[in-house]
Amino acid sequence: KPTAAPTAAPTAKPTATPTATPNPTATATPAPEKTAVQLEAVLENGAAVAALDQERFEQIVAQAVERARQSREDPVVELEITAAEGARSLQMTLPGEALNTLALQKGAALTVGSPVARVSFDGEALKAVAQQAEGEIVLTVSPVQPDELNEAQAAKAGEFPVVELTLRFNGK
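Since this is a predicted model, take the numbers as computed values, not measurements.

J.: Could you clarify how one ought to interpret the overall build of the protein in this entry?
T.: Regarding its fold elements, the protein presents 4 helices and 9 strands. In sequence order, the secondary structure elements of the protein are arranged as β-β-β-α-β-β-α-β-β-α-β-α-β. Buried positions account for 33% of the 172 residues belonging to the protein. Intrachain contacts of the protein at a sequence separation of at least 6 include 72% that bridge at least 24 residues. Accessible area of the protein: about 12000 Å², with a carbon and sulfur share of 52%.

This is how it looks when you write it as structure tokens:
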């Protein structure tokens, strides 16, 4: 008995189905959580002068280290100096021993900020300062007047402000 021959039946023509193209988006890396401290400055000879004693700075550093440990981030200390009215320069005194404790932490950073200037030290700079310091460290930042610059300096500076930054250790 003959069987029916297979017949080809037309099928629907395949069509491409569009798929969504991945669109990568930038994810912001959160800034490290910092230990910020406000310090009151007094005006002395046109300078905003602030100081931290050993005990207080040790507390700030310990807080930054603990915060960094808990958040698994680098320890960051930010000292914000309130400007004394009429201040043209900044002088900040820090105890070297506590600074050394901060410098020994991986990825540590220290920023001293005021309306006069903002100075930041990364881990390598902190280590270099701490290695030379025994006792007090005095950071002084003062503006340099344009007429105090030589021609080459003035040309390089252009319209940008120029500041003199000085670090003294143990009164030297």
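Alright, that's what it looks like, and here's the rest.
J.: Which parts of the structure should I look at to understand the sheet that holds strand 3 (residues 47–51)?
T.: To summarise the sheet geometry, strands pair through backbone hydrogen bonds and adopt either a parallel or an antiparallel arrangement. Taken in spatial order, the 5 strands of this open sheet run 2-3-5-8-9, and their pairing is mixed. Either end of the sheet is taken by a strand with one partner, and the two such strands are strand 2 (42–44) and strand 9 (162–169). Averaged over all adjacent pairs, the angle separating strand axes in this sheet is 25°, with direction ignored. Note that strand 2 and strand 3 share 3 bridges and pair antiparallel. Within the sheet, the bridge partner assigned to Leu 43 lies in strand 3 and is Ala 48.

J.: Explain unusual backbone geometry here, please?
T.: What you tend to see is this: most non-glycine residues have negative phi, and most peptide bonds are trans. Positive phi outside glycine occurs at Asn 45, with the angle close to 50°. Counting through the fold element by element, Asn 45 comes out in the loop between strand 2 and strand 3. Not every positive phi belongs to a glycine, and Arg 72 is a case in point at roughly 55°. Here Arg 72 shows up in the loop between helix 1 (54–71) and strand 4 (76–82).

J.: Would you mind showing me how to read the side chain of Thr 93 here?
T.: Among the secondary structure elements, Thr 93 is positioned in strand 5 (residues 89–95). Accessibility expressed as a relative area gives 10% for Thr 93, which makes it buried. In this structure, Thr 93 is in contact with Ala 50, Ala 51, Leu 52, Glu 136, Ile 137 and Val 138, ignoring residues within four places of it in sequence.

The rules we used
Residues numbered from 1 in each chain as written. Predicted model: local features only at pLDDT ≥ 70, side-chain atom pairs only at ≥ 80, totals over all residues. Heavy atoms only, no water. Helix = DSSP H or I, 4+ residues; strand = E, 2+ residues; numbered from the N terminus. Buried < 20%, exposed > 50% of the residue type's maximum accessible area, 1.4 Å probe, protein only. Contact = heavy atoms within 4.5 Å. Areas by Shrake-Rupley, 256 points an atom, 1.4 Å probe, with all protein chains shown as cover. Pairing = 2+ DSSP bridges. Axes fitted to C-alpha atoms, helices over the stretch in contact; angles between N-to-C directions.

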